[in-house]
Amino acid sequence: MKEVGIMTWFTYNNYGTVLQAYALSKKLENMQVIPEIINYRPKIRKTNIYDMKIKFILKQLINKNYQKKYISEISKINEKFSKFRKDSLSISNEVDTYTELKEKADSLDKVVYGSDQIWRKQPELSNHFDPVYFADNILKANKHIAYAASMGNMDLSKKNYDFLKEKVNKFSHISVREEKLKFIMEEVGINSPLVLDPTLLLTNDIWERVFPIRNMFNERYVLYYRL
């Protein structure tokens, strides 16, 4: 069986991030290939605190009445995310350098980049893209594919466009998640089909096996999920 690497965001304790990584892995399994998430994380994102708003954190920590409860709840959430990743995702050893990434990529038949906002501009890189998610200096063109690539904030400068034009031509195939990104790809000369987020590729019965539905409430209720 072919072995396929996945380059995506998967370590942040965010439901969409973790579930899109799981869904793409599961879909590849169903296509009779062996998926493995390549364990690359931008250095500044090696802490969960990066994805939280600093004002929110400070407010919780200053208010002593909430400190104990807040820290306890965050700890429980982190443990559940970690357990799910350990039990449900096949993840490689951690890779940091270009040499390690290239060695890992060379050992695989293909590498799929996506989904999530892998092409989002990174504040720690002065609002430039992380070149690693564009297979920069890592792979031969016929080995890497972008599936449902996403960019998040798409307010791009000329420098950003020039970067994209150079890098996206290295991919053998590119599909995107947002219509606006499809237009951006067309502007740099790439025809990119608009496709579903990986979470929508799995059927209800698969998701229900992963997360069995429990009747937790006897009364009608509203679930409010806020980003």
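What counts and what doesn't
Residues numbered from 1 in each chain as written. Predicted model: local features only at pLDDT ≥ 70, side-chain atom pairs only at ≥ 80, totals over all residues. Heavy atoms only, no water. Phe/Tyr/Trp six-rings, centres within 6.5 Å; stacked < 30°, edge-to-face > 60°. Helix = DSSP H or I, 4+ residues; strand = E, 2+ residues; numbered from the N terminus. Buried < 20%, exposed > 50% of the residue type's maximum accessible area, 1.4 Å probe, protein only. Pairing = 2+ DSSP bridges. Axes fitted to C-alpha atoms, helices over the stretch in contact; angles between N-to-C directions. Core = buried A, V, L, I, M, F, W, Y, C linked by side-chain atoms within 4.5 Å. Contact = heavy atoms within 4.5 Å. Salt bridge = Lys/Arg side-chain N within 4 Å of Asp/Glu carboxyl O.

(A) Looking closely at the packing of aromatic side chains. Within the structure shown, the criterion is met by 13 aromatic pairs. When the ring of Tyr22 is compared with that of Phe84, the centres are 5.7 Å apart and the planes differ by 55°; the resulting orientation is tilted. Highlighted residues: Tyr22 in helix α1 (residues 15-30) and Phe84 in helix α3 (residues 64-88), separated in sequence by 62 residues. Grouping residues by exposure puts Tyr22 and Phe84 together as buried. Ring pairing ties together the aromatic residues Tyr113, Trp119, Phe129, Phe134, Phe163 and Phe171, which thus form one cluster.

(B) Expanded view of the sheet that holds strand β5 (residues 144-149). Pairing is parallel in the open sheet, where 6 strands are placed in the order β3-β2-β1-β4-β5-β6. Each edge of the open sheet is held by one strand with a lone partner, namely β3 (91-94) and β6 (173-176). Averaged over all adjacent pairs, the angle separating strand axes in this sheet is 25°, with direction ignored. Pairing between strand β1 (residues 3-7) and strand β4 (residues 110-113): 4 bridges, direction parallel.

(C) Focus on the nonpolar core. Met7, Trp119, Leu164, Val168, Ile174 and Met185 are the most contacted members of the largest nonpolar core, which totals 34 residues. For this core, the secondary-structure elements that each account for two or more residues are α4 (98-106), β4, β5, α5 (158-167), β6 and α6 (179-187). Contact partners of Met185, with chain neighbours within four places excluded, come to Trp119, Leu164, Val168, Ile174, Val176, Ile190 and Ser192. Counting residues in each nonpolar core, the second largest holds 20 residues, with Val4, Ala21, Ala23 and Val33 among its members.

(D) Local environment of the pattern of salt bridges. One pass over the structure, following the stated rule, counts 12 salt bridges. Where Lys26 meets Glu29, a salt bridge forms, and the shortest distance between an N and an O atom there is 3.8 Å. Of this pair, Lys26 and Glu29 both sit in helix α1, 3 residues apart, which is roughly one turn of the helix. Among the residues examined, Glu29 registers a relative accessible area of 40% and is labelled partly exposed. Where Arg41 meets Glu94, a salt bridge forms, and the shortest distance between an N and an O atom there is 3.9 Å. Remark: Glu94 occurs in strand β3 and Arg41 occurs in the loop between β2 (34-39) and α2 (54-62); sequence separation between them is 53 residues. For Arg41, a relative accessible area of 22% puts it in the partly exposed group. The network of salt bridges with common partners includes Arg177, Glu178 and Asp197.

That is the geometry; function is a separate question.
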